[in-house]
Amino acid sequence: MKHPRDKKPDRKGQAPYRAATPSRPPRDAMPQRTEHARQAETREPPSPPRKLVRREGTLPAERLPVILEVPPTADYALLDSGDGQKLEQYGPYRIVRPEGQAIWRPALPVRDWQNADAVFTGDTDEEGLGRWRFPSAPLGETWPMKHDGIDYWGRFTSFRHVGVFPEQATHWDHTARLIVEAKRPVKVLNLFGYTGLASLVAARAGAEVTHVDASKKAIGWARENQEMAGLVDKPIRWICEDAMKFAEREERRGSHYDIILFDPPAYGRGPKGEIWQLFEHLPVLTDICRSILTPRPLAVVLTAYSIRASFFAIHALMRDSFAGMGGTIESGELVIREKSAGRALSTSLFSRWVAQ
């Protein structure tokens, strides 16, 4: 299921999963499933409703509120914000996009905003359809970007997104650190993986990664990013599948992971019409994620966008779900620190269980 910022039904078929159209077919980096396996999965009967039972045991320690900040860098910066918009620097381009939470006044003069290379126009809703306007000169659909030495493609999409959510960088760095410090083989499951930055960071750190997204276009884009980053030799499985169905299947198979990342939308549709509603399905998916952890797990990271809730809600869910596991639940918000006036723009809620 995918993605965030994807709460409206059926735009361009795959849009509820952060779809974006690759500029060229990706190179197949991993072996494909056999036709027999595909047919077997097609015939698989639906799973019966999962009966949730409150976990027994001592609740994990808690740390909250935790505010994880992304400061301006040479690759990305929130230059300014206000009047319902934000001015960002993505590599060589200055981009203006709607931002409902920017209810203050911009700090930079009007001319700085007018010098933007691209402006998203259209529906100001988080997932509203629209188009890009290029004030100075037409720009190509894609352009090269970089995160911590990993090259990837930025891309102008019809849903105002550009293929990366910079606020997630703190989670990427945290995941990479856990992988390196484990000093043992680590398996990572990235559900609702979008264009693959988290998967590439984890793979570069030494993990074996399974990346799941319901959008074929997003999977294609992620494979393009893997090739561009020069990481085609890293063990990443790219799976186009409904996240819930895949997690249920992994539980039945007895598959286990040391780190699980999941970044679900408020609303979404799977490739076969599966419906995802965050408040209805998140408790079940969280429970499944606990059940497919290895005996020596490292972390589970949940991020939630575009929902009318406090981080206390997902904090309580995660803490209950990991009762008896020890460790600590850290919850709060992901924010981007503005370059102009130093204001913090909140982008999402998060909650993560860390074993140590």
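For the structure itself, look to the data block above.
Below you will find a few notes about this structure. (Residues numbered from 1 in each chain as written. Predicted model: local features only at pLDDT ≥ 70, side-chain atom pairs only at ≥ 80, totals over all residues. Heavy atoms only, no water.)

Brief notes about the overall build of the protein
- Scanning the protein for helices and strands turns up eight helices and 17 strands.
- Looking at the 356 residues of the protein, the share that counts as buried comes to 53%.
- Total accessible area on the protein stands at roughly 15400 Å², and carbon and sulfur atoms take up 53% of it. (Helix = DSSP H or I, 4+ residues; strand = E, 2+ residues; numbered from the N terminus. Buried < 20%, exposed > 50% of the residue type's maximum accessible area, 1.4 Å probe, protein only. Areas by Shrake-Rupley, 256 points an atom, 1.4 Å probe, with all protein chains shown as cover.)

A closer look at the sheet that holds strand E11 (residues 236–240)
- Pairing is mixed across the open sheet formed by eight strands, whose spatial order is E1-E16-E17-E15-E12-E9-E10-E11. Strands with a single pairing partner mark the edges of an open sheet, and in this sheet they are strand E1 (61–70) and E11. Across the sheet, the axes of successive neighbouring strands diverge by a mean angle of 15°, strand direction being ignored.
- As judged from the five bridges shared by strand E10 (residues 208–213) and E11, these two strands associate in the parallel manner. Opposite valine 209, over in E11, you have isoleucine 236 as the bridge partner. (Pairing = 2+ DSSP bridges. Axes fitted to C-alpha atoms, helices over the stretch in contact; angles between N-to-C directions.)

Points about the pattern of salt bridges
- Applying the stated criterion to the full structure yields 22 salt bridges.
- Glutamate 330 serves as the salt-bridge partner of arginine 63, at 3.1 Å between the closest nitrogen and oxygen. Here arginine 63, found in strand E1, pairs with glutamate 330, found in strand E16 (residues 328–337); they are 267 residues apart in sequence, far enough to count as distant.
- Measuring nitrogen to oxygen at the nearest pair gives 2.9 Å for the salt bridge that ties arginine 253 to glutamate 250. Here glutamate 250 and arginine 253 lie together in helix H6 (residues 243–253), a separation of three residues that amounts to about one turn.
- A cluster of three or more residues bridged by salt bridges with shared partners is formed by Arg50, Arg55, Glu251 and Asp287. (Salt bridge = Lys/Arg side-chain N within 4 Å of Asp/Glu carboxyl O.)

Section: the side chain of threonine 195
- Within the secondary structure layout, threonine 195 lies in the loop between strand E9 (187–191) and helix H4 (197–204).
- Within polar-contact distance, the side chain of threonine 195 engages the backbone oxygen of glycine 163 at 2.6 Å.
- What threonine 195 contacts, discounting residues up to four positions off in sequence, is Gly163, Ala218, Trp221, Ala222 and Asn225. (Polar contact = N/O pair within 3.5 Å; in protein donor to acceptor, adjacent residues only side chain to side chain. Contact = heavy atoms within 4.5 Å.)

Side note on the sheet that holds strand E3 (residues 85–90)
- Read across the open sheet, the five strands follow the order E2-E3-E4-E5-E6; overall the sheet is mixed. In this open sheet, the two strands that pair with only one neighbour each are strand E2 (76–82) and strand E6 (130–133). Ignoring which end each strand starts from, the neighbouring axes of this sheet average 25° apart.
- Bridge analysis of E2 against E3 gives six bridges, and the strand direction is antiparallel. Bridge pairing links tyrosine 76 to tyrosine 90 in E3.

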